[in-house]
Amino acid sequence: MTFPDLSAPGATRRPSGPAHARALRGASGPARLVGMLLVGLLSFGAVGGATAMTRLTDNIETAGMSALGANRPKVVPPKDPNAGAPLNIVVMGSDSRDGDNGGLAGGGEIGARSDTTMVMHISGDRSRMDLVSIPRDTTVDVPSCTTSEGATTAPLYGKKFNAAFSQGVQVGGSVADGALCTVRTIEELTGVYVDGFVVVDFAGFSAMVDAVGGVDVCVEEEIYSPDANHLSLSPGIHTLKGQKALDYARARKGDGLGDGSDLGRIGRQQEVMASLARKVLSQDVLTNPAKTLGFLDAVTRSLTMNEELGSISGLSGLAYSLRDVRPDTITFMTVPNEYDPYNTANVLWTDEAATLWDNVKHDRPLDAAPGSPSAGASASPSPSRSTGEQGTDGAATPDPEPSSTDVKHAGEEAFTGADTTKVCG
């Protein structure tokens, strides 16, 4: 397969679709679904050819973003024209019970919601990747949305954030409509322009985990969750296969699961996805065409994406720009929040969230001080990131493994792919 030249300077963002500029020099394998898909597609594109790529992209359900209209956040142009344009992609996990998902879901309500939502920001110079989780229990106002067929949803006030997805599905009748309403809500709440979206369902997650032989997770205390298909795990390191990995990622209530809040679950989901990314990016998977094809076939059969991102050129182009992935320059973070005083089952974003979204909008590291330079101009790496020593050839060399006493709390604080989040044994 021939890939386009994505490293040419002067690339600019076009509202109709994502632009790709440079290789991700020193970024981790994205610990969420889209990044793993893109890296895998790149690998398979090199060994599988155009026919297989066509087969895989034909698996994906796509939808346009024109329903979002013209009244959208302003795109902030990069200060350094040679750096290229940043990308913001909304990644959602749907808890729909339709089709194969019904048998995997366990207990739960009928319908479809965004069980997991995050904004993946890829910097214009491809030097870092930031993944910001949005708690589904955030109290928000959901704006009126236009579906792909032109129907209009009613605005909602003081509802949980994931009501946006549910509202879009109910009125528009498709997962893509849920995604479009979620994107509209995120743009209204944050002022950040969204370039694309990806939705994966239960069946896709389960099949993906099985395709790589399971994921390793660290369990610090005994877990038992009746609501998550009676999930039972003893302390220690476990290799979880599809169904059990899904139960672990979705579990909220039960013994060993903290206070049962969505915030605790977000942390476990981040850890599961990080483990899955490591497995996918391992040499055993990426250099084995049969395993790579099996993984990608499983994933793409359960994806819904915007048309530009879901095309062969969109996927292969973005994958190519992310070809040099590494664990230490990707940051996971949850939107700063506090409990909603009027509904303690929900949370509200704090004032720090405004700074975070302003940094995303202006392509700065997530913890940059307000008014600091944009990425590609003169911004320095985030202090929380592990940057590595410079080798004699100018390339960054990997940092030492983090000490077991330096533990970051996933879901509660920012951490990178090089950080330890739990200690077992």
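Residues numbered from 1 in each chain as written. Predicted model: local features only at pLDDT ≥ 70, side-chain atom pairs only at ≥ 80, totals over all residues. Heavy atoms only, no water.

A.B. asks: How do you make sense of the nonpolar core when you look at a structure like this?
C.D. replies: Nonpolar side chains tend to gather and get buried jointly when the protein is soluble and globular. The biggest cluster of nonpolar side chains holds 45 residues, and the ones touching the most others in it are F205, Y248 and L276. Contact partners of F205, with chain neighbours within four places excluded, come to V200, A245, L246, A249, V272 and M273. Grouped together as the second largest cluster of nonpolar side chains are 35 residues, A67, V90, A176 and F197 included. (Core = buried A, V, L, I, M, F, W, Y, C linked by side-chain atoms within 4.5 Å. Buried < 20%, exposed > 50% of the residue type's maximum accessible area, 1.4 Å probe, protein only. Contact = heavy atoms within 4.5 Å.)

A.B. asks: What's the story with the side chain of T116 in this structure? I'm lost.
C.D. replies: On the secondary structure map, T116 appears in strand 3 (residues 114–122). Owing to a relative accessible area of 15%, T116 belongs among the buried residues under this scheme. Only 3.1 Å separates the side chain of T116 from the side chain of Q269, close enough to count as a polar contact. (Helix = DSSP H or I, 4+ residues; strand = E, 2+ residues; numbered from the N terminus. Polar contact = N/O pair within 3.5 Å; in protein donor to acceptor, adjacent residues only side chain to side chain.)

A.B. asks: How should the state of the cysteines be read in this particular structure?
C.D. replies: Think of a disulfide as a covalent bridge from one cysteine sulfur atom to another cysteine sulfur atom. Applying the stated criterion across every chain yields a total of 2 disulfides. In this model, C145 is linked to C181 through a disulfide, with the two sulfur atoms separated by 2.2 Å. Handedness here is read from the sign of the S-S torsion; for C145 and C181, about 65°, the answer is right-handed. With C145 in the loop between strand 5 (139–142) and strand 6 (156–160) and C181 in helix 4 (residues 175–190), the pair connects residues that are 36 residues apart, well separated along the chain. For the pair C145 and C181, one class covers both residues: buried. Regarding the disulfides, the chain carries the connectivity 1-2, 3-4 under sequence-order numbering of its bonded cysteines. (Disulfide = S-S within 2.5 Å.)

A.B. asks: Sorry, what's going on with the layout of surface pockets here?
C.D. replies: Which parts of space are left empty comes out when a probe the size of a water molecule is rolled across the atoms. Space inside the second largest pocket adds up to approximately 670 Å³. Taken together, 31 residues make up the lining of the second largest pocket; nearest its centre are L263, G264, H409, A410 and E412. Elements supplying a minimum of two residues to the lining of the second largest pocket: strand 8 (215–219), helix 7 (262–280), strand 13 (330–334) and strand 14 (337–340). Of the residues forming the lining of the second largest pocket, the biggest block, 5 residues, is contributed by helix 7. Of the residues assigned to the lining of the second largest pocket, the class counts are 13 nonpolar, 10 polar and 8 charged. (1 Å grid on protein atoms, 1.4 Å probe; cavity = no way out; pocket = protein on both sides within 12 Å on 5 of 7 lines; lining within 4 Å. Points joined across faces, edges and corners; volume = space filled by probe spheres on them. Nonpolar A, V, L, I, M, F, W, Y, C, P; charged D, E, K, R; others polar.)

A.B. asks: Mind showing me how you'd approach the packing of aromatic side chains here?
C.D. replies: One pair of aromatic rings is described through two measures. These are the centre distance and the angle between the planes. Applying the stated criterion across every chain, the model contains 2 aromatic pairs. Consider the rings of F332 and F415, whose centres lie 4.8 Å apart with planes at 20°: the pair is stacked. With a gap of 83 residues between them, F332 in strand 13 and F415 in strand 16 (residues 415–416) connect regions that are remote in the sequence. For the residue pair F332 and F415, the accessibility class agrees, reading buried in each case. Between W349 and W357 the ring centres are 5.8 Å apart and the planes differ by 40°, which places this aromatic pair in the tilted class. Under the relative-accessibility criterion, W357 is labelled buried at 3%. (Phe/Tyr/Trp six-rings, centres within 6.5 Å; stacked < 30°, edge-to-face > 60°.)

A.B. asks: I'm lost on the packing of helix 3 (residues 163–172) against helix 4 in this one. Help?
C.D. replies: Geometrically, a packed helix pair is captured by the angle between its two axes and the distance between the axes. Taken N-terminus to C-terminus, the directions of helix 3 and helix 4 make an angle of 140°; their axes are 7 Å apart at the nearest point. Classified by the angle their axes make, helix 3 and helix 4 are oblique. In the packing of helix 3 onto helix 4, the handedness of the crossing is right-handed. For the pair formed by helix 3 and helix 4, the contact residues are A164, F165, G168, V169 and G172 on the first element and V175, D177, G178, A179, C181, T182 and T185 on the second. Considering only residue class, the contact of helix 3 with helix 4 consists of 6 nonpolar, 5 polar and 1 charged. (Axes fitted to C-alpha atoms, helices over the stretch in contact; angles between N-to-C directions. Parallel < 35°, antiparallel > 145°, perpendicular 65-115°, else oblique. Left-handed = near helix turned anticlockwise from the far one by under 90°.)

A.B. asks: Before we go on, may I ask you to explain the confidence of the model for the chain in this structure?
C.D. replies: A low pLDDT score tells you not to read the predicted coordinates there in detail. In this model, the chain carries an average pLDDT of 75, and 68% of its residues clear a pLDDT of 70 or more. Confidence, expressed as mean pLDDT per element, reaches its minimum in the chain at helix 2 (residues 102–105) with 45 and its maximum at strand 5 with 97. Between residues 1–33, whose pLDDT stays under 50, and residues either more than four places distant or in other chains, the model counts 124 contacts. Confidence drops under a pLDDT of 50 for residues 99–111, and excluding neighbours within four residues, the segment shows 25 contacts in the predicted structure. (pLDDT = per-residue confidence, 0-100.)

A.B. asks: What's the story with a negative patch on the surface in this structure? I'm lost.
C.D. replies: Judged by side-chain charge, E220, E221, E222 and D255 come together as a negatively charged surface patch. For E221, the location among the structural elements is in the loop between strand 8 and strand 9 (223–225). (Patch = residues over 30% accessible without salt bridge, like charges linked within 9 Å, V, L, I, M, F, W, Y side chains within 5 Å. Areas by Shrake-Rupley, 256 points an atom, 1.4 Å probe, with all protein chains shown as cover. Salt bridge = Lys/Arg side-chain N within 4 Å of Asp/Glu carboxyl O. Lys, Arg positive; Asp, Glu negative; His and termini not counted. Charge placed at Lys NZ, Arg CZ, Asp CG, Glu CD.)

A.B. asks: Just checking my understanding: could you explain helix 6 (residues 242–250) for this structure?
C.D. replies: At 3.6 residues per turn, the α-helix brings residues three or four places apart onto the same side. Taken across its 9 residues, helix 6 has 7 buried, putting it largely inside the fold. Where helix 6 is concerned, the buried positions are G242, A245, L246, D247, Y248, A249 and R250.

A.B. asks: Would you mind showing me how to read helix 5 (residues 202–211) here?
C.D. replies: Most of helix 5 sits out of view: 7 of its 10 residues are buried. Listing the buried residues of helix 5 in full gives F202, A203, G204, F205, S206, M208 and V209.

A.B. asks: Mind showing me how you'd approach unusual backbone geometry here?
C.D. replies: What is expected of a backbone is that most residues other than glycine have negative phi and most peptide bonds are trans. Of note in the backbone geometry, H230 takes a positive phi value of approximately 55° without being a glycine. By the element assignment, H230 lies in the loop between strand 9 and strand 10 (231–233). By relative accessible area, H230 is classed as exposed at 52%. Even without being a glycine, D363 presents a positive backbone phi close to 60°. Here D363 is to be found in the loop between helix 12 (351–361) and strand 16.

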